[in-house]
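Observations on the three-dimensional arrangement
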Amino acid sequence: MFDRMANHTQVDCAPTTSLHVILDNDQSSFSSCFTRSGFVCQDCASHEKHSVRLKCANCSLCPVGTYVYTDESRCLLCRAGGFYQNEMGQVDCKRCSIGTFVSERRSPGTKATDCVACPYGTLSNETAEYRACRCLHNFYRLDRFGPCSACPPYGFVCKKDTGILAPNYFWKWSNQSDKERYKGFVNNIHSTGSDYDKSFSTFNTLLPKSLKCPHANSCKGGIDSECHQGYQGTLCATCSEDFYFRFSSCLKCPRLIVTVTSSILVIVLFVAVFLIVLWGDSRRAENNRTVADVVMSCFKIVIGFYQVIAGIFSALAKVQ
C-alpha cells in the first residue's frame with residue numbers, strides 16, 4: 001500500500017477496524033489523508049536508515065466514544081447529551097434517537113444502548129442536543145441532565161429550562177455564594193452548544209421561598225431580587241432616602257423650591273379664607289345665613305371630598 005502511496009496512487013483511507021500505522025519518509029506526507037479518515041497522526045522520533053535521516057508519522061485510529069478533531073489532529077470525547085459513537089476512526093459523533101440522551105455518568109457513549117429515555121418533564125419528541133432534552137412549557141430544572149419540575153403556581157417565571165423569581169415577589173438567599181452559583185447555573189443552562197461549563201451543570205441547593213411583596217410594583221423579581229427605585233429592605237417594604245410613603249406607594253420627595261412655593265400658597269390661601277370669614281361674619285346671605293357660615297360649609301365639603309378620594313385611592317392600592 002505504501003509503495004502505491006509513494007507513487008501518488010489514490011488509496012482508500014477509510015479503515016473499518018482498529019489500526020496503528022507508522023509512516024516513514026515520503027509516506028509521512030499522507031498523514032493528512034489518514035487524519036481525514038479518522039486517524040490521529042503525530043510526529044514520531046525521526047530515525048536513521050543506511051545513514052539517511054528519515055521522517056516519521058505515527059497514526060492511530062480514534063477509539064469508540066470519540067471522534068477526530070481534524071483541525072488539531074486529536075481525538076475528542078463525544079459529549080453527554082444526544083451523542084455517542086460505537087465505531088473507531090470517525091470524524092463525528094452519532095446522534096441518539098429522538099427522545100433519548102447519554103447522561104454525564106455514562107458519557108462518552110460507546111453504543112446505541114447508552115442512549116436512554118429523557119427524564120420526566122422533558123420534550124420526548126426532540127433530539128437531546130447538549131442536555132437531557134428540553135423542559136416542557138412552564139417547567140424548570142436544577143440539573144442539565146436531570147428531570148424537570150413543574151413551575152410553582154405563584155412567585156416564579158419558568159422558561160428556557162430555568163425558574164426565576166417573578167416580579168412583585170421577593171426571596172432572600174441564605175448566602176451570597178449560593179446566589180452566585182445559581183446565576184452561573186442559569187447562564188450555563190442557556191448555553192445550547194458544546195461550550196457549556198460542566199462545573200455549572202447542576203445546582204444542588206434548594207431555591208429560596210418566594211414571598212409576595214406588600215406594595216405593588218416595588219419588587220423587580222429576578223435572581224438578585226432587587227427593589228424598584230424608591231423602595232428598599234426586606235420585601236421592598238420601606239421607602240428609600242428622598243422618597244415618602246403615600247397611597248401605598250413610595251413617591252419621590254418634591255424639590256425644595258416646590259415645597260416652599262406650595263407652603264407659601266397654602267399660607268396665602270389660609271389668610272385669605274380667614275379674612276373672608278372675618279369680613280362675612282357680620283353679613284348675611286339671602287337665607288339668613290352669614291357669609292362666613294357659607295364659606296366654612298364649602299370649605300368643609302372640599303375637605304370631606306379630599307378625605308373620601310384619599311380613602312378610595314388607598315383602598316384601591318391594596319387590591320391586588
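A brief report on the enclosed structure follows. (Residues numbered from 1 in each chain as written. Predicted model: local features only at pLDDT ≥ 70, side-chain atom pairs only at ≥ 80, totals over all residues. Heavy atoms only, no water.)

Details of the overall build of the protein chain
- Across its full length, the protein chain holds five helices and 23 strands.
- In the protein chain, which comprises 320 residues, the proportion classed as buried is 35%.
- Within the protein chain, residue pairs in contact and separated by at least 24 positions form 46% of the contacts whose partners lie at least 6 positions apart.
- For the protein chain, the accessible area works out to roughly 20000 Å², and carbon and sulfur atoms hold 57% of it. (Helix = DSSP H or I, 4+ residues; strand = E, 2+ residues; numbered from the N terminus. Buried < 20%, exposed > 50% of the residue type's maximum accessible area, 1.4 Å probe, protein only. Contact = heavy atoms within 4.5 Å. Areas by Shrake-Rupley, 256 points an atom, 1.4 Å probe, with all protein chains shown as cover.)

Regarding the packing of aromatic side chains
- Tallied over the entire structure, the rule returns eleven aromatic pairs.
- Their ring planes at 70 degrees and their centres at 5.3 Å tell us that Trp171 and Trp173 sit as a pair that is edge-to-face. The same class applies to Trp171 and to Trp173, which are both buried.
- One Lys or Arg, Arg79, reaches over the ring of Tyr196 and ends 4.7 Å from the middle of that ring.
- Against the face of Tyr196 rests Arg144, its NZ or CZ located 4.1 Å from the ring centre. (Phe/Tyr/Trp six-rings, centres within 6.5 Å; stacked < 30°, edge-to-face > 60°. Lys NZ or Arg CZ within 6 Å of the ring centre and 35° of its normal.)

Some words on the state of the cysteines
- Evaluation of the coordinates by the stated rule reveals nine disulfides.
- Put simply, Cys96 and Cys115 are joined by a disulfide, and their sulfur atoms are 2.0 Å apart. Around the S-S axis, the bridge from Cys96 to Cys115 shows a dihedral of about -65 degrees and counts as left-handed. Here the residue Cys96 occupies a position in the loop between strand 9 (94–95) and strand 10 (100–101), and Cys115 occupies one in the loop between strand 10 and strand 11 (116–117), the gap between them amounting to 19 residues. (Disulfide = S-S within 2.5 Å.)

Looking at a nonpolar patch on the surface
- On the surface, a nonpolar cluster with roughly 530 Å² of combined accessible area is contributed by Ile267, Phe270, Val271, Phe274 and Leu275.
- Residue placement: Phe274 occurs in helix 4 (residues 256–280).
- Take Phe274: its relative accessible area is 45%, and that puts it in the partly exposed class. (Patch = residues over 30% accessible without salt bridge, like charges linked within 9 Å, V, L, I, M, F, W, Y side chains within 5 Å. Salt bridge = Lys/Arg side-chain N within 4 Å of Asp/Glu carboxyl O.)

A few points about the nonpolar core
- Trp173, Tyr182 and Leu207 are the most contacted members of the largest nonpolar core, which has 17 residues in total.
- Considering each element in turn, this core owes the most residues, four residues, to helix 3 (residues 176–189).
- Apart from residues lying up to four places away in sequence, Leu207 is in contact with Tyr140, Leu142, Phe156, Gly163, Trp171, Trp173 and Tyr182. (Core = buried A, V, L, I, M, F, W, Y, C linked by side-chain atoms within 4.5 Å.)

As for the pattern of salt bridges
- Enumeration over the complete set of coordinates arrives at ten salt bridges.
- Residues Arg106 and Asp114 are paired through a salt bridge, measuring 3.7 Å at the closest nitrogen-oxygen approach.
- We classify Arg106 as partly exposed; its relative accessible area is 36%.
- Take Asp114: its relative accessible area is 5%, and that puts it in the buried class.
- A salt bridge links Lys179 to Asp224; the nearest nitrogen and oxygen atoms lie 3.4 Å apart. With a gap of 45 residues between them, Lys179 in helix 3 and Asp224 in the loop between strand 18 (219–221) and strand 19 (226–227) connect regions that are remote in the sequence.
- What makes Lys179 buried here is its relative accessible area of 14%.

None of this, on its own, says anything about what the molecule does.
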